[in-house]
Amino acid sequence: KQWYQRRVVITAGDNPNKIGDTNFKMINYKLNNDDGIFIGLLEYYYYIPICLKAWHDIGGVCGSISTMSAGMCHAYGVPATPVGQPRHCAYVWYRDGNWHLGNDNSGWGTTIGQQNTWRSEAYFIRVMNEAQKNLEGYRLSEKMRIIGRLANPEDRFEILEDATTECPYNFAVWLDLKGAINEPNLQKETVQNVLLPTLLKQQEKETQVSDIAREKVGTSECFGDDRMKKLLVGLGSVQCKDQETFDFEVDLGKPSTIKEVKIKWIGFNRGVEYGIYALGEDSDYVLVRTHKDEKVEGWWYPLITLDGWDMTTTKIKFHMTKKGGRANSFAITKLIVMGVCHDFPGDVSKGKPVKENPGSSDPVTLVDGTNSTIWNGNSETSWFEINLKRICALDNIEFFWVDGAKPENVKVVYKVGSGQDAQKLGEDPFEKVPLSMDCGTTVRVEMFGGNAALKGVKACGISHTAKNILKMKVSNAYKDFYNVEMFLYTSINNMTYED
């Protein structure tokens, strides 16, 4: 410790937030020592003990540098540990409340820890750190996880899902959740009741501007699709060296309103001109912005900002052209598309199970989507109920009446799972009852007066599976931990639960 501190004070000034970056001034990277002996041989260190002074005086390679850096942090009470990367040794150290990679070759995704949390991958150290920032919530979620193992199997899902709310970074809870939702005795209504708050929160969030390109599909013959994927989640850059003109495309997945595009280049002299093209729902690509519209923040590694546009956009294409006499390659290290995605309602009732009042005709024809047969209520107070099977944000319910066979009053009653009923009264001519994107898993239509006869009915909205709602929760919590996010996506996809 004293040996470190006598040397570190010269370079780091006793500042713990700088300790982990000082070691490169104290050890020389040498594959061969001064006598030409290779690092893999014992003779490299002349048979003396491999210690701090030996590294400092003789040198070393990645393992020596990273181990010495971790030791330097320890001398000042800063947590650190060497970690493994493919054919390389790096280290992680604690600074400003977070873990950082040092002597890094390939990023968090390929890094294996020597001191582990839930798994050996080093990025789980960061997640554990995030969990313990809310120590009270983490402890409570762990208690709930243990209680879940002791509870009735059909009650485990509700307990564990609540635990992910208390501490979404408790990775162990998510693993237990997979077994809980696969429990045969778990009621569908329980799953629906438990997941509704997550969906409601997501609906509110989706009205806010965010990076809508993150995790979307990017394609490029120049960069390759895998590099585009890493660019869009902030884990890598794209570079093109040989082509004079080249394109890349981002599929936003949904019609979207674009507020702003941000691009971060590597180097100031990028030597490229470009145009940004937007694809609408019913149009071809249209040029919406060029490099001439840039607003520059910074000088070296500048962050370029371009204003959005009015056209509703489903895909964005970037067309690049190198300037003559300028740099023969360029690279982008960050691409952000700020905007709002829009879901458009569809028929969520087609083919779903239907119950009806006694004495009425077969209700299956109501939701077959053909309007070719007639359903009769055969009563002055008739009803039918559609089981949507999933939580649906309901836009409206539309009726296709037989001429002259409308009731005097129509009431639409809907709810999620075993929750409280909500209802809307229809207005004559009862062709469509708006439901304001309220959520429901069942829709019951009650008709009073007359003899109701329908050719069909259509509940319009947006359907959400339980798995997709769980993914929403994971995405909101783990957006800065891409590798763990993808791990949990796979775990959710492997759940055997069906809505």
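Above this text you will find the structure in question.
1. Brief notes about the state of the cysteines
Right, so step 1: Per the stated rule, a full pass over the model turns up zero disulfides.
Right, so step 2: Not part of a disulfide, Cys-62 finds its nearest cysteine sulfur in Cys-89, a span of 5.6 Å.

2. So, the pattern of salt bridges
Any two side chains of opposite charge can pair, given that their charged atoms come close.
Right, so step 1: According to the stated counting rule, one finds 20 salt bridges in the structure shown.
Right, so step 2: Here Lys-295 and Asp-307 are joined by a salt bridge, their closest N and O atoms 2.9 Å apart. You can see Lys-295 sitting in strand β11 (residues 295-297) and its partner Asp-307 sitting in strand β12 (residues 303-307), a full twelve residues away along the chain.
Right, so step 3: Here Lys-295 falls in the partly exposed class, since its relative accessible area comes to 41%.
Right, so step 4: Shared partners join several salt bridges into a network, and the residues in it are Lys-355, Glu-385, Lys-411, Arg-444 and Glu-446.

3. Focus on the environment of Asp-34
Right, so step 1: Here Asp-34 shows up in the loop between α1 (2-12) and α2 (52-58).
Right, so step 2: A distance of 2.7 Å separates a polar atom in the side chain of Asp-34 from a polar atom in the side chain of Lys-30.

4. Focus on the pairing of strand β18 (residues 381-401)
Right, so step 1: Where strand β16 (residues 354-356) lies against β18, three bridges are found, and the strand directions are antiparallel. Looking at the pairing, Lys-355 lines up with Glu-385 of β18.
Right, so step 2: Where β18 meets strand β21 (residues 432-448), 13 bridges bridge the pair, whose relative direction is antiparallel. Bridge pairing in β21 links Ile-386 to Val-443.
Right, so step 3: Relative to strand β22 (residues 453-464), β18 is paired through ten bridges, and the arrangement is antiparallel. Bridge assignment links Ile-397 to a residue of β22, and that residue is Ala-459.

Definitions and limits used
- Residues numbered from 1 in each chain as written.
- Predicted model: local features only at pLDDT ≥ 70, side-chain atom pairs only at ≥ 80, totals over all residues.
- Heavy atoms only, no water.
- Disulfide = S-S within 2.5 Å.
- Salt bridge = Lys/Arg side-chain N within 4 Å of Asp/Glu carboxyl O.
- Helix = DSSP H or I, 4+ residues; strand = E, 2+ residues; numbered from the N terminus.
- Buried < 20%, exposed > 50% of the residue type's maximum accessible area, 1.4 Å probe, protein only.
- Polar contact = N/O pair within 3.5 Å; in protein donor to acceptor, adjacent residues only side chain to side chain.
- Pairing = 2+ DSSP bridges.

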